[in-house]
Amino acid sequence: MKKIFALVILSSILTLLSAQSLGESAFKENRPEEAIPLLEEEIQKGTASVQAYNFLGLAYYQTANFTKSVEIFSLGLRTAGTNKKILAYNQGNAYFALKQYDQAVKSYSLAYGADPAFTKALLNRANAYLMADELKSSLADYQSYILSVSDDPQREEIQAMIEALRKEIDRREEDAKFAALEEERLREEAERLEEELKKQKEEEERIREEERKKREAEEAEQRRLEEERRAEEAERRRKLLEDVANSLQQTDSTNMSAGTEDLIDYDQESELD
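Residues numbered from 1 in each chain as written. Predicted model: local features only at pLDDT ≥ 70, side-chain atom pairs only at ≥ 80, totals over all residues. Heavy atoms only, no water.

Peer 1: A description of a nonpolar patch on the surface should follow, citing residues and the corresponding values.
Peer 2: Taken together, the side chains of Leu240, Val244 and Leu248 define a hydrophobic patch exposed on the protein surface, amounting to about 290 Å² of accessible area. Along the chain, Val244 falls in helix α10 (residues 155-248). (Patch = residues over 30% accessible without salt bridge, like charges linked within 9 Å, V, L, I, M, F, W, Y side chains within 5 Å. Areas by Shrake-Rupley, 256 points an atom, 1.4 Å probe, with all protein chains shown as cover. Salt bridge = Lys/Arg side-chain N within 4 Å of Asp/Glu carboxyl O. Helix = DSSP H or I, 4+ residues; strand = E, 2+ residues; numbered from the N terminus.)

Below, the structure written as structure tokens:
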């Protein structure tokens, strides 16, 4: 009887497991479009396995819905019991596909931090650093990867990338030095031109001041000359008037009466008494 009961329980469990794995089966059979709604339903109902988040995120990735893929991997990372290393790694790939390389670096770093032996995350982080134009960080990761995986089939290509990065970093440093020197030269040239312009303005101001003083002196001289001219003209008119007055003055003594009949005798008493 106990054996029969155990078989019934086992059969129920297998049936339940079969129902829960429909989405996973569709994914594993390379049918991501069919797997997506099944996996979402299983997750929503709470019947999904901890692997369902990874499968669903990959299904969205395979259908080129990278934004949704990132969201599902993030949800899986917040869920207890899930494989954080794999979820973070796959999320990094989704971010990489979205060309969000800084975010990809963070996800790969999370995966690599969870397991330092997980060198795939290290290699992909090197690629993400490269695409983010963080060449020194990319170089460091490629070098670490070569040391960790000496038998990698792509070793020659990676080594060539390392050499190319070294040359590019050296070139950029030289360019940066040249740019710094050129910036300093341009700054000094700008200061020199500014000083020359200042001197030129001062010279122009000095010339304007001299011209102003000269103009004021000329105007003062003109006023002085004009005042002298007016004074001379006034003097000439005065003399002319004097000459006219003198010419009209009667100075002929023969016209004056010399008789005594009209003279008053002051010795006589006044008749007014």
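That covers the picture; the talk isn't over yet.
Peer 1: Can you explain the pattern of salt bridges? Please cite residues and give values.
Peer 2: As enumerated under the stated definition, the model contains 31 salt bridges in all. Residues Asp115 and Lys85 are paired through a salt bridge, measuring 3.1 Å at the closest nitrogen-oxygen approach. Here the residue Asp115 occupies a position in the loop between α7 (101-114) and α8 (119-131), and Lys85 occupies one in helix α6 (residues 84-97), the gap between them amounting to 30 residues. Residue Asp115 is classed as partly exposed on the basis of its relative accessible area, which comes to 23%. The partner of Arg237 in a salt bridge is Glu233, and the shortest N-O contact between them spans 3.5 Å. Here Glu233 and Arg237 lie together in helix α10, a separation of four residues that amounts to about one turn. (Buried < 20%, exposed > 50% of the residue type's maximum accessible area, 1.4 Å probe, protein only.)

Peer 1: Break down the packing of α8 against helix α9 (residues 135-148) for me, with residues and values.
Peer 2: The contact between α8 and α9 brings their axes to 8 Å, and the two run at 155°. In this view, α8 runs roughly antiparallel relative to α9, as classed from their interaxial angle. In terms of crossing hand, the pair formed by α8 and α9 is left-handed. From α8, Thr119, Leu122, Leu123, Arg125, Ala126, Asn127, Tyr129 and Leu130 reach across to α9, where they touch Leu135, Ser137, Ser138, Asp141, Tyr142, Ser144, Tyr145 and Ser148. (Axes fitted to C-alpha atoms, helices over the stretch in contact; angles between N-to-C directions. Parallel < 35°, antiparallel > 145°, perpendicular 65-115°, else oblique. Left-handed = near helix turned anticlockwise from the far one by under 90°. Contact = heavy atoms within 4.5 Å.)

Peer 1: Which residues make up helix α5 (residues 66-77), and what values go with them?
Peer 2: Across its 12 residues, α5 extends 16 Å between first and last C-alpha, which sits within 8% of the 16 Å expected from 1.5 Å per residue. Every buried residue of α5 is listed here: Ser69, Val70, Ile72, Phe73, Ser74, Gly76 and Leu77. Each element contacted by the buried residues of α5 is listed here: α4 (52-62), α6 and α7. (Expected span 1.5 Å × (residues − 1).)

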